[in-house]
Amino acid sequence: MFFNEEFETLPRQALEAVQLKRLQSTLERVYANVPFYKASFDSAGIKPSVVNCLADLQKLPFTTKQDMRDSYPYGLFAAPMDEIVRIHASSGTTGKPTVVGYTQKDISTWSELMARSFVAAGAHKGDIIHNAYGYGLFTGGLGAHYGAERLGASVIPISGGNTKRQIMIMQDFGSTVLTCTPSYSLFMAEEAQAEGIDFQKLKLRVGIFGAEPWSEEMRGEIEQKLNLTAIDIYGLSEIMGPGVAIECIEAKSGLHIWEDHFIPEIINPETGELLPEGERGELVITTITKQGIPLIRYRTRDITSLTYEPCICGRTHARIARMSGRSDDMLIIRGVNVFPSQIEAVLVSIEGIEPHYMLIVDRQGTMDTLTVQVEVSEHLFSDEIKVLQALSRRVEKEIKDMLGVTCTAKLVEPKTIQRSEGKAKRVTDNRKLS
Ligand code: DLL
């Protein structure tokens, strides 16, 4: 099933022809309207007219989050303010947010791409979409909302929070599709259990989860606890919001990136050099239809790989692998590089451990230390101390064996780690404070 069959299944050559034409007109647009791009192209000695094939894209300089910060709030907009109908912003952990603006056409494109994403995930007209992504400056809520309406589904704009009420509504309104962060879905499962509500009896069929890194093991846990098929959706405010890429329900193997609107590249984050198909590196995206704030070679800092192999679903658009994390979230512990999602994968696979954890990184003298705080299952918590000690040792050993990093496991009581209604915070790095 497709939402826009013609474009979703465009043969490669035709797709690339569309990309080139759209890229060229985007370059003209930013060169003419955004002083930042004029200056950056000029200093690289490049005019938009030198781009005659897709490979020429590599001649252009990257755009970074810092460039967006430097032009706060509207400096990178390529449309006059009276054409901007919506403004979103993503809150960084430090400093000012990153601001993005959409023209009417941008909102329409976004709605279509979200509608395509819903269909790829197995949703359809007639579905009742329980949208628990936050509404507001965050793009999750409104992005999914407009896509659900474009699809013709019934959308419940519940936003995040008030979890007990969420569950009551899901049950009473007969929600069939759930959209929220993966961590929030597990919190819902936990609350439902406490309320004596059985997810097996709800009508939920599909969950569309994203906005934060999660692991394949976490997918298994969610599918089992919520009794639905869990689909990974990717996006970022700078590029559009949710719906930049999504897994198809047929393969659940990599996320199709809507290539008639975005051109993906994978680079070595250290050198900026382009990496071949299949190699893991930083995802760089060029938007080729956006009007409000087109971005050329935007460095997402998200780590993934790209494949052009045909997919069984029939979509011809390339797939990116599940994100393993962000280059700036990667922890370097005594020289070993680890992503929180890799630790998550180990934890979720251990019986007796719940998928709620916090990683605490510290420095004692010149030594980095990693403490993994993780909740024990209810049924084990009352167990004798020996059992718990053995479990801690097991967590430490498996993390050491799988990832090569030494840590101290600290088992904590069920439900003591902060739950999230949006993006979960998984790491406390005290080294930055000293
Ligand atoms: O999180 C947009 C979104 C909303 C995507 C709802 C999916 C669902 P930002 O707040 O700007 O936008 O955060 C973007 O979140 O660069 C990634 O680091 C991370 N991220 C988003 N989706 C995924 C995912 C939204 N499926 C940042 N897996 C991105 C891993 C993800 N990380």
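Residues numbered from 1 in each chain as written. Predicted model: local features only at pLDDT ≥ 70, side-chain atom pairs only at ≥ 80, totals over all residues. Heavy atoms only, no water.

1. Things to note about the sheet that holds strand β18 (residues 353–364)
The strands that make up a sheet are held in pairs by hydrogen bonds between backbone atoms, and each pair lies either parallel or antiparallel.
Stage number 1. Strand order across the open sheet formed by 4 strands is β20-β19-β18-β21, with mixed pairing between neighbours. Whereas interior strands pair on both sides, the edge strands pair on one side only; in this sheet they are β20 (408–412) and β21 (427–429). For this sheet the average axis-to-axis angle between neighbouring strands, irrespective of direction, equals 20°.
Stage number 2. With 9 bridges connecting them, β18 and strand β19 (residues 367–376) associate as antiparallel partners. If you follow I353 over to β19, its bridge partner there is V376.
Stage number 3. Contacts between helix α10 (residues 340–348) and the sheet are confined to β18, β19 and β21, with β18 contributing the most and set at about 135° to the helix. (Pairing = 2+ DSSP bridges. Helix = DSSP H or I, 4+ residues; strand = E, 2+ residues; numbered from the N terminus. Axes fitted to C-alpha atoms, helices over the stretch in contact; angles between N-to-C directions. Contact = heavy atoms within 4.5 Å.)

2. Structural notes on the pairing of β18
Stage number 1. In this structure, the hairpin formed by β18 and β19 is closed by a connection of 2 residues, where G365 is found at a positive phi of approximately 65°.
Stage number 2. Judged from the 3 bridges that link them, β18 and β21 form a sheet pairing that is parallel. When the sheet's bridge partners are listed, V361 is paired in β21 with D429.

3. A look at the packing of α10 against helix α12 (residues 385–403)
Stage number 1. Relative to each other, α10 and α12 sit at 130°, their axes nearing to 10 Å. Taken together, the axes of α10 and α12 are oblique relative to one another. In this structure, the crossing between α10 and α12 has a hand that is right-handed. In contact with Q342, I343, V346 and L347 of α10, α12 contributes V395, E398, I399, M402 and L403.
Stage number 2. A class-by-class count of the residues in the contact of α10 with α12 yields 7 nonpolar, 1 polar and 1 charged. (Parallel < 35°, antiparallel > 145°, perpendicular 65-115°, else oblique. Left-handed = near helix turned anticlockwise from the far one by under 90°. Nonpolar A, V, L, I, M, F, W, Y, C, P; charged D, E, K, R; others polar.)

4. Considering α12
Stage number 1. Its 19 residues place the ends of α12 27 Å apart at the C-alpha level, agreeing with the 27 Å of an ideal helix rising 1.5 Å per residue.
Stage number 2. Buried within α12 are the following residues: L388, L391, S392, V395, E396, I399 and L403. What you see down the axis of α12 is that its buried residues fit within an arc of 130°, all on one side. With respect to the buried face of α12, the exposed residues turned more than 90 degrees away are K386, K397 and D401.
Stage number 3. Buried residues belonging to α12 abut β17 (336–338), α10, β18, β19, α11 (378–381) and β20.
Stage number 4. Where α12 terminates, the next one or two residues include G404, which has phi positive at roughly 75°. (Expected span 1.5 Å × (residues − 1). Buried < 20%, exposed > 50% of the residue type's maximum accessible area, 1.4 Å probe, protein only. Arc of directions from axis to C-beta.)

5. Observations concerning unusual backbone geometry
Stage number 1. P73 follows Y72 through a cis peptide bond whose omega is -10°.
Stage number 2. Locating P73 in the fold gives a position in the loop between α4 (65–70) and β1 (84–90).
Stage number 3. Positive phi values are uncommon outside glycine, yet N227 reaches one of about 55°.
Stage number 4. On the secondary structure map, N227 appears in the loop between α9 (216–226) and β7 (229–236).
Stage number 5. Overall, N227 belongs to the partly exposed group, its relative accessible area being 32%.
Stage number 6. Positive phi values are uncommon outside glycine, yet K415 reaches one of about 65°.
Stage number 7. On the basis of relative accessible area, K415 is assigned to the partly exposed category, the value being 48%.

6. So, the pattern of salt bridges
Stage number 1. Using the criterion set out here, one finds 33 salt bridges in the structure.
Stage number 2. A salt bridge links E216 to R322; its shortest N-O distance comes to 3.3 Å. One end of the pair, E216, is in helix α9; the other, R322, is in the loop between β14 (319–320) and β15 (325–326), and 106 residues separate them in sequence.
Stage number 3. What makes E216 partly exposed here is its relative accessible area of 42%. (Salt bridge = Lys/Arg side-chain N within 4 Å of Asp/Glu carboxyl O.)

7. A closer look at the site of the ligand
Stage number 1. Contacts to the ligand come from 21 residues, most closely from D232, I233, S237, D302 and K423.
Stage number 2. Between a nitrogen atom of the ligand and a main-chain N or O atom of P213, the distance comes to 3.5 Å.
Stage number 3. Within the side chain of K423, an N or O atom sits 2.8 Å from an oxygen atom of the ligand.
Stage number 4. Contact with the protein chains removes 94% of the 610 Å² of surface that the ligand exposes when unbound.
Stage number 5. Residue assignment for the shell around the ligand shows that the elements contributing at least two residues are α6 (139–151) and β7.
Stage number 6. Top contributing element to the shell around the ligand by residue count: β7, with 5 residues.
Stage number 7. For the shell around the ligand, a count of residues per class yields 9 nonpolar, 6 polar and 6 charged. (Near = heavy atom within 4 Å. Polar contact = N/O pair within 3.5 Å; in protein donor to acceptor, adjacent residues only side chain to side chain. Areas by Shrake-Rupley, 256 points an atom, 1.4 Å probe, with all protein chains shown as cover.)

Geometric descriptors of this kind do not, in isolation, establish any biological role.
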